[in-house]
Amino acid sequence: MTSDTAKAPEDGTTRRSMISARELTKTFGQGETAVTALDNVDIDIRENEFFTLLGPSGCGKTTLLRLIAGFELPTSGLIQLDGQDITALPPHVRPVNTVFQNYALFPHMTVSENIGFGLKMLGKSSGEIEARVKQMLSLVQLEAMANRRTDQLSGGQQQRVALARALAPAPKVLLLDEPLAALDLKLRKNMQIELKSLQAETGITFIFVTHDQEEALTMSDRIAVMRDGQILQIGTPKEIYDKPTHRFVADFIGDINILEAQVEGTEGDQTRVRLKDGTTMLARSTGADTQGHCAVALRPESIRVAQAGDTPALTGQLENLVYMGSAHNLHLRLGSGEELVVRHGGSTEGLDLSPGAQIGVVIAPGGARVLA
Amino acid sequence: MADTPPLAAGATAQSTRRRMRSRDLKAMPGFKAAGWACIFALYLPLVVLVIFSFNDNRSVVKWTEFSLRWYEAAMENEGIRNAAWMSVKVALVATVFSTIAATMAALATTRTAAFRGQGLAYGIINQPLMIPEIVTAISTLSLFSLVKQLTGITGVGYLMAAHTAFCIPFAYMPIRARLEDMTLTLEQAGADLYATPWQTFRHITLPLLMPGILAGAMLAFVVSLDDVIITLMVAGPGETTLPIYILGALRRGITPEINAVSTILVGVSVLLVLVLFLVQGKMKK
Ligand SMILES: Nc1ncnc2c1ncn2[C@@H]1O[C@H](COP(=O)(O)OP(=O)(O)OP(=O)(O)O)[C@@H](O)[C@H]1O
Ligand SMILES: [Mg+2]
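How each quantity is defined
- Residues numbered from 1 in each chain as written.
- Chains lettered and ligands numbered in written order.
- Predicted model: local features only at pLDDT ≥ 70, side-chain atom pairs only at ≥ 80, totals over all residues.
- Heavy atoms only, no water.
- Near = heavy atom within 4 Å.
- Polar contact = N/O pair within 3.5 Å; in protein donor to acceptor, adjacent residues only side chain to side chain.
- Areas by Shrake-Rupley, 256 points an atom, 1.4 Å probe, with all protein chains shown as cover.
- Helix = DSSP H or I, 4+ residues; strand = E, 2+ residues; numbered from the N terminus.
- Nonpolar A, V, L, I, M, F, W, Y, C, P; charged D, E, K, R; others polar.
- Pairing = 2+ DSSP bridges.
- Contact = heavy atoms within 4.5 Å.
- Axes fitted to C-alpha atoms, helices over the stretch in contact; angles between N-to-C directions.
- Buried < 20%, exposed > 50% of the residue type's maximum accessible area, 1.4 Å probe, protein only.
- Right-handed = clockwise from strand over helix to strand, strands pointing away.
- Buried area = accessible area lost by both parts, 1.4 Å probe.
- Salt bridge = Lys/Arg side-chain N within 4 Å of Asp/Glu carboxyl O.
- Parallel < 35°, antiparallel > 145°, perpendicular 65-115°, else oblique.
- Left-handed = near helix turned anticlockwise from the far one by under 90°.
- Domains from an automatic or database assignment.

A. Spatial organisation of the site of ligand 1. Residues and elements named next belong to chain A. As a matter of local geometry, ligand 1 sits amid Phe28, Val35, Ala37, Ser57, Gly58, Cys59, Gly60, Lys61, Thr62, Thr63, Glu178 and His211. Between Lys61 and ligand 1, the recorded distance is 2.8 Å, taken from a side-chain N or O atom to an oxygen atom. Surface burial for ligand 1 is 61%, taken as the share of its 630 Å² of free accessible area covered by protein chains. Broken down by secondary-structure element, the contributors of at least two residues to the shell around ligand 1 are strand 2 (35–46) and helix 2 (61–69). At three residues, the largest contribution of residues to the shell around ligand 1 is made by helix 2. Along the lines of polarity and charge, the residues of the shell around ligand 1 split into four nonpolar, six polar and two charged.

Right, here's the structure in full:
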């Protein structure tokens, strides 16, 4: 099932694939204690792409990065880098660099020595190394820190040194394993912007790991949502947000209402479904494998409170009214017992918002989606 | 969790601390007395030895006047000079080779994929610490006699080899401890930045391991310098180390000259340990 849904959407780009993984599986341990960290993963990451691996803790994001970097060998499957099979190559011959989560700066070297290390190992001349280090220092705005020891830097500065060190040898692919996790919120937001523009400037393929969906949505060209060692969906942030093909993806990204339903029949590209409280409605088919039982996904912003003259698609009893600053969230209890959250942006005048009031809800065209 | 009043949280922390303090060993009755008794037992003899090395009198029990004459006498004594030189030579050689071997053993037991019999390997490397030294001494002697008989080779090499062997576990311990403290991530970062396994070792592992190696080397040096039993068995004629010389001199009666030499030996040991502390303190920063 996942192999169908995990296919990259056709968006007409002809950019060539930088990293391709085929049927990649990684199992740790043996026998009863074996853990399958990656389960038959197929993925294509393109040239000059900001690609994000998103998923909950333990879903295999780090494992996938470590396989690409060469720190682990796959149990089975194939990894190609720019068309070349690198599955069995040791890390030091792969033109791939990593920004480690805890930075892993060399404590016995200065900032400059750290940044120049990769070039030195590649046997570049000292003049060339010096020039490149200088360029990198200015790229990450650390010129003044060149001769500092790394333990004399703040967290954000260390982060930038790690970035400069990984970028200095101009790798084909940069791997970033939750590089912002240790930073405070403000620094994190700044670094998100810096990272994004750095990627655009250098044209290097970035593979970025996070379990923060907001971070993924704001930074990425494309996102792969993972769970239990499998890739559930790959797509642009918009596709992932607007057109989730999997209940887990929908639930993981942003706020969403998910209602249980039965498939009644197909009408064009829509599916007629019957909710648990007996109401039927049309919802967009997503190609998900829905046989009989399915779920209907409704984003709070694609439904609104019915005004006079509207025919409500759903009706529920108001249980909670949460003020969100620019809008109100109405928590309704449907006849089926399920909860439905509606975002109401406008004024609340003329609406009966007393506890227990019956509120009708209208769904925007295409706002309901059928999920497996 | 978040809505716990700060006052209550503080109170819990404090009461925990109080409970811990009351369980602290230092609070037990007689702890201080016992501690001081131990320190006296350990260091009083040393103090007596050092004081009487500066005595102007031949006696090692009756103080007369401060003097350095026994140090002069010791310096001029050729037997002592030769023995000291022999000790240093053997200790240096043993230190170098045992530290190299210990470093390799530590790398092999911590920086490789877990292998079957890893626990056994630890055991085998550390076992010499558990075997009574006299047994090691006698077995080394028998082996070397056999080798000497078969090959006809003699010389100070046997003594050096014996010292190297028993110094290995002492050098191994701090090196392995340091390696276990070092995360693998730095070495992976090295490999990620195009360092071959050898370059990773040379530029990352070795510099970071240096405090452990120095600690191991100094421990090995001191242990070799102090050794009596194995040296007594293995040393050939003319291979008298300082402890052996002192032992021989003692048979002829204790003299302040021996006190002086012993004091120097203690001084060297203390100095080495001090340097070690300083170096480690600096490297840790
Ligand atoms: N060296 C290992 N030995 C055994 N199991 C491992 C090893 N590394 C990872 N695993 C297991 O593989 C699974 C995936 O781990 P991985 O580190 O890839 O998760 P992750 O998505 O990076 O999670 P997180 O967000 O917490 O970093 C987990 O169940 C983990 O316990
Ligand atoms: Mg991880």
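Still to come is the rest of the account.
B. Focus on the sheet that holds strand 4 (residues 76–81) of chain A. All names here are of chain A. As summarised here, the arrangement of the four strands in space is 2-1-4-5, forming an open sheet in which the pairing is antiparallel. Every other strand in the sheet has two partners, leaving strand 2 and strand 5 (84–85) as the edge strands with one partner each. Bridge count between strand 1 (residues 17–28) and strand 2: eight bridges; the pairing is antiparallel. Bridging across to strand 2, Phe28 finds its partner in Val35. Contacting strand 1, strand 2 and strand 4, helix 2 crosses the sheet at an angle of about 115° to strand 1.

C. The pairing of strand 7 (residues 173–177) of chain A, seen in detail. Residue and element names in this part refer to chain A. Counting buried positions along strand 7 gives five out of five residues, so the element sits mostly inside the fold. Residues Val173, Leu175 and Asp177 line one face of strand 7 and the alternating positions Leu174 and Leu176 line the opposite face, and both faces are buried. Bridge count for strand 6 (residues 96–99) against strand 7 is four bridges, and the pairing is parallel. Residue pairing in the sheet places Val99 in a bridge with Leu176 of strand 7. Running through helix 6 (residues 185–202), the crossover from strand 7 to the neighbouring parallel element strand 8 (residues 205–210) is right-handed.

D. The sheet that holds strand 7 of chain A, seen in detail. Residue and element names in this part refer to chain A. Read across the open sheet, the six strands follow the order 6-7-8-3-9-10; overall the sheet is mixed. Every other strand in the sheet has two partners, leaving strand 6 and strand 10 (230–235) as the edge strands with one partner each. Strand-to-strand twist of the sheet, defined as the mean angle between neighbouring strand axes without regard to direction, takes the value 20°. Pairing analysis gives five bridges linking strand 7 to strand 8, with the strands arranged parallel. By the bridge assignment, Val173 is partnered in strand 8 with Thr205. Where helix 5 (residues 155–167) meets the sheet, it contacts strand 6, strand 7 and strand 8, and its direction lies at approximately 175° from that of strand 6.

E. Expanded view of the interface of chain B and chain A. On the chain A side, the residues contacting the 18 residues of chain B number 28 residues. Here chain B meets chain A over a buried area of about 1900 Å², counting both sides, of which 67% is carbon and sulfur. Three residues stand out in chain B for area buried against chain A, namely Asp192, Leu193 and Tyr194 of chain B, and they jointly supply 40% of the buried area on that side. Summed over the shared surface of chain B and chain A, the result is zero salt bridges. Inspection of the region where chain B meets chain A yields six residue pairs in polar contact (both at pLDDT 80 or more). Among the elements of the structure, helix 8 (185–192) and helix 9 (197–226) of chain B are those that each provide at least two residues to the side of chain B that touches chain A. Top element by residues in the side of chain B that touches chain A is helix 8 of chain B. It accounts for seven residues. Residues belonging to the side of chain B that touches chain A are distributed by class as follows: 10 nonpolar, six polar and two charged.

F. Layout of the packing of helix 4 (residues 78–110) of chain B against helix 7 (residues 157–181) of chain B. All names here are of chain B. As a packed pair, helix 4 and helix 7 sit with axes 6 Å apart at the nearest point and diverge in direction by 45°. Between helix 4 and helix 7, the interaxial angle falls into the category oblique. In this structure, the crossing between helix 4 and helix 7 has a hand that is right-handed. Of the residues contributing to the contact of helix 4 with helix 7, the split by class is 17 nonpolar, seven polar and three charged.

G. Structural view of the domain arrangement of chain B. Residue and element names in this part refer to chain B. With domains assigned, chain B is organised as domain 1 (7–53) and domain 2 (70–284). Placing a centre on the C-alpha atoms of domain 1 and another on those of domain 2 gives a separation of 33 Å. When the two sides are added together, the surface that domain 1 and domain 2 hide from each other amounts to roughly 510 Å², 65% of it contributed by carbon and sulfur. Counted by class, the side of domain 1 that touches domain 2 contains four nonpolar, one polar and no charged residues.

H. Quick peek at unusual backbone geometry. Residue and element names in this part refer to chain A. Despite not being glycine, Glu23 has its phi angle at roughly 45°, a positive value. Looking at the element boundaries, Glu23 is found in strand 1. The phi torsion at Asp82 lies on the positive side, around 50°, for a residue other than glycine. Of note, Asp82 is situated in the loop between strand 4 and strand 5. Among the residues examined, Asp82 registers a relative accessible area of 22% and is labelled partly exposed.

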